[in-house]
Amino acid sequence: MFVHAPTARGRSLIKAITWRFFGSLDTFLLSFAVPMLFHISMKKSGAIALSIAAFETITKSLTHNCVHALARRRVSRRMWAMRIHATALSTVASKSLARRRHRP
């Protein structure tokens, strides 16, 4: 099935936001429940859980974006290097063939 690029991008964005929301919700619920096991009040537990979930969301979003940017950069460099290498090899091969043609 062919999907148009704008639709795929929009779908990918919605998927990423939804995934991050449920990941943060999971972190919030776990970090809300664990302090209560140590008899910390519900109000303090909520504040702790909210700060952990916010910090986790921000750091994962930044880390994810940085890792993807570095990966794209690495791939583009690798493709550039392969193109340059292939061009150099084809030039060397064509020179050697040209030399063979001019031999008596």
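Structure first, text after, so check above.
Keep in mind the model is a prediction, meaning the values are calculated, not measured.

A. Structural context of the overall build of the chain. Secondary structure assignment for the chain yields two helices and zero strands. Taken over 104 residues, the chain has a buried fraction of 9%. A total of about 9,500 Å² of accessible surface is found on the chain, and carbon and sulfur atoms cover 71% of it.

B. Structural context of unusual backbone geometry. Positive phi, close to 60°, is recorded for His39, a residue that is not glycine. The residue His39 is located in the loop between helix 1 (5-37) and helix 2 (42-102) in this model. On the basis of relative accessible area, His39 is assigned to the exposed category, the value being 77%.

C. A nonpolar patch on the surface, seen in detail. Residues Val34, Leu37, Phe38, Ile40, Ile48 and Ile52 make up a contiguous nonpolar surface patch of about 540 Å² in total accessible area. Secondary-structure elements contributing two or more residues to the nonpolar patch are helix 1 and helix 2.

D. Fine view of the side chain of Ser24. Take Ser24: it is sitting in helix 1. Under the relative-accessibility criterion, Ser24 is labelled buried at 13%. The residues contacting Ser24, other than those within four sequence positions of it, are Ala53, Glu56 and Thr57.

E. Structural context of the pattern of salt bridges. One pass over the full model with this rule turns up two salt bridges. Residue Lys60 is joined to Glu56 by a salt bridge in which the shortest nitrogen-to-oxygen separation is 3.3 Å. With Lys60 and Glu56 both in helix 2 and four residues apart, the pair spans about one turn of that helix. You can call Lys60 partly exposed: its relative accessible area is 42%. Taken together, the shared-partner salt bridges connect Arg20, Glu56 and Lys60 into one network.

F. Seen up close, the environment of Ser45. Here Ser45 lies in helix 2. By relative accessible area, which is 0% here, Ser45 ends up buried. Along the primary structure Ser45 and Pro35 are separated by 10 residues, whereas in three dimensions their C-alpha atoms are 5.8 Å apart. Excluding its chain neighbours within four sequence positions, the residues that come into contact with Ser45 are Ser31, Phe32, Pro35, Met36 and Ile40.

G. Representation of the packing of aromatic side chains within the structure. Counting across every chain of the model gives two aromatic pairs. Ring plane angle 70° and centroid distance 5.2 Å describe the contact between Phe21 and Phe22, whose orientation is recorded as edge-to-face. Note on Phe28 and Phe32: the rings are 6.1 Å apart at their centroids and 15° apart in plane angle, and the pair reads as stacked. Of this pair, Phe28 and Phe32 both sit in helix 1, four residues apart, roughly one helical turn. Given a relative accessible area of 22%, Phe32 falls into the partly exposed group.

Analysis parameters
Residues numbered from 1 in each chain as written. Predicted model: local features only at pLDDT ≥ 70, side-chain atom pairs only at ≥ 80, totals over all residues. Heavy atoms only, no water. Helix = DSSP H or I, 4+ residues; strand = E, 2+ residues; numbered from the N terminus. Buried < 20%, exposed > 50% of the residue type's maximum accessible area, 1.4 Å probe, protein only. Areas by Shrake-Rupley, 256 points an atom, 1.4 Å probe, with all protein chains shown as cover. Patch = residues over 30% accessible without salt bridge, like charges linked within 9 Å, V, L, I, M, F, W, Y side chains within 5 Å. Salt bridge = Lys/Arg side-chain N within 4 Å of Asp/Glu carboxyl O. Contact = heavy atoms within 4.5 Å. Phe/Tyr/Trp six-rings, centres within 6.5 Å; stacked < 30°, edge-to-face > 60°.

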